[in-house]
Amino acid sequence: MFEIDESARLPLTASFATCGGDGGPMFPAALAIAAGKNSLLGAVPKELLPATKRSLGMLEKEAVQGKITSLSVLRRYGNPSHFRDMKEEAANKQLFSVAAEVPANLRPLLHTLLPVRNGRYENQGLVITLNGLVPLGPQKGLIVAHLAGSFSCYCQQEEIDDLLKAQTECPEFMEMLKTHNGTTFDYEGTRLQAATKRAKHLLGL
């Protein structure tokens, strides 16, 4: 059983909530964590899909001294391994996605936690801008974007720097970022934005 550190409660809830909003596969777990469940096991409703349970199992591998911390969340959903999983689903397997409104050749990038300032992600001089992000919780400290939402990661700057470096070292990630360098993706008016807004309301964020 992995205890959820208090520092991880908001970023973990927001990460789950932005995976399709109130209709996404992770939303039941987001509700459980927001309701005060203190363990990852306690946050896993029985009706979760096998793929969702697999995702939570991978999160457990990022536990720090037996706890799911804010750094665990950052690493699980921001590191290249998650990007590659999303790329496999979007580009290779062409599976259904909660982010179907995002072009498949951009979806893996936006389905990865991206450190942003005013909706702007920059790495190695390459930039992509996100409009229409739904703020989940107080927008203070270091902010990350995940699909149509933005939230505080409750991490330190050096941890963000390490994440940016890891993303830089992933050739597929940087190739996709280079392809979309200088572009803006707008969530305004999308079904995903609407679902994320509903999730925000239901979770009290």
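Cut-offs applied
- Residues numbered from 1 in each chain as written.
- Predicted model: local features only at pLDDT ≥ 70, side-chain atom pairs only at ≥ 80, totals over all residues.
- Heavy atoms only, no water.
- Helix = DSSP H or I, 4+ residues; strand = E, 2+ residues; numbered from the N terminus.
- Buried < 20%, exposed > 50% of the residue type's maximum accessible area, 1.4 Å probe, protein only.
- Areas by Shrake-Rupley, 256 points an atom, 1.4 Å probe, with all protein chains shown as cover.
- Phe/Tyr/Trp six-rings, centres within 6.5 Å; stacked < 30°, edge-to-face > 60°.
- Core = buried A, V, L, I, M, F, W, Y, C linked by side-chain atoms within 4.5 Å.
- Pairing = 2+ DSSP bridges.
- Axes fitted to C-alpha atoms, helices over the stretch in contact; angles between N-to-C directions.
- Contact = heavy atoms within 4.5 Å.
- Polar contact = N/O pair within 3.5 Å; in protein donor to acceptor, adjacent residues only side chain to side chain.
- Salt bridge = Lys/Arg side-chain N within 4 Å of Asp/Glu carboxyl O.

A. Molecular detail of the overall build of the protein chain. Looking only at helices and strands, one finds 9 helices and 9 strands in the protein chain. Put simply, the protein chain has 205 residues, and 51% of those count as buried. Of the roughly 9600 Å² of accessible surface on the protein chain, 51% is carried by carbon and sulfur atoms.

B. View of the packing of aromatic side chains. Applying the stated rule across the entire model yields 4 aromatic pairs. Seen in terms of ring centroids, phenylalanine 83 and phenylalanine 173 are 5.2 Å apart; in terms of plane orientation they differ by 70 degrees. Their pairing is edge-to-face. Placement of the pair is phenylalanine 83 in helix 5 (residues 80–92) and phenylalanine 173 in helix 8 (residues 171–179), with a sequence separation of 90 residues. Measuring from ring centre to ring centre gives 4.9 Å for phenylalanine 185 and tyrosine 187, while their planes differ by 75 degrees; the resulting arrangement is edge-to-face. Judged by its relative accessible area of 13%, phenylalanine 185 is buried. Clustering of aromatic rings is evident, with ring pairs tying together Phe83, Tyr121 and Phe173.

C. Inspection of the nonpolar core at higher detail. Counting residues in each nonpolar core, the largest one holds 57 residues, and the members touching the most others are Phe16, Leu74, Leu110, Phe173 and Tyr187. Looking at this core, the element that brings in the most residues is helix 1 (residues 6–17), giving 6 residues.

D. Representation of the sheet that holds strand 4 (residues 120–123) in the model. With mixed pairing, the 3 strands of this open sheet are ordered in space as 4-5-9. Two strands in the sheet have a free side with no partner beyond their single neighbour: strand 4 and strand 9 (183–186). Going across the sheet, the axis of each strand differs from the next one's by a mean of 20 degrees, ignoring polarity.

E. Representation of the sheet that holds strand 6 (residues 134–135) within the structure. The strand order 3-7-8-6 describes an open sheet built from 4 strands, whose pairing is mixed. Edge positions in the sheet fall to strand 3 (114–116) and strand 6, since each of these pairs with one other strand and no more. By the bridge criterion, 3 bridges tie strand 3 to strand 7 (residues 143–146) in an arrangement that is antiparallel. In the strand pairing of strand 7, proline 115 is matched with valine 144. Docked against the sheet, helix 1 engages strand 7 and strand 8 (149–152), running at close to 170 degrees with respect to strand 8.

F. Spotlight on the environment of lysine 165. Residue position: lysine 165 is located in helix 7 (residues 157–168). The spatial distance from the C-alpha of lysine 165 to the C-alpha of asparagine 79 is 9.7 Å, given a sequence separation of 86 residues. A polar contact is formed between the side chain of lysine 165 and the side chain of glutamate 169, at a distance of 2.5 Å.

G. Quick peek at the pairing of strand 7. The side-chain alternation of strand 7 yields two buried faces, one formed by Ile143 and Ala145 and the other by Val144 and His146. Alignment of strand 7 against strand 8, held across 4 bridges, turns out to be antiparallel. Within strand 8, the position partnered with alanine 145 by the bridge is serine 150. Between strand 7 and strand 8, which pair antiparallel in sequence order, lie 2 residues; one of them, leucine 147, sits at a positive phi of approximately 50 degrees.

H. Highlighting the pattern of salt bridges. Under the counting rule described, the total for this entry stands at 6 salt bridges. Among the salt bridges present, the one from arginine 9 reaches glutamate 6, with a minimum N-O distance of 3.4 Å. Pair noted here: arginine 9 and glutamate 6 are both in helix 1, with a separation of 3 residues, about one helical turn. Between arginine 191 and glutamate 101 there is a salt bridge; the shortest N-O distance is 3.8 Å. Residue arginine 191 is located in helix 9 (residues 191–203), and its partner glutamate 101 is located in the loop between helix 5 and helix 6 (107–110); the two are separated by 90 residues in the primary sequence. With a relative accessible area of 61%, arginine 191 lands in the exposed category. In this structure glutamate 101 comes out as partly exposed when scored by relative accessible area, which is 28%.

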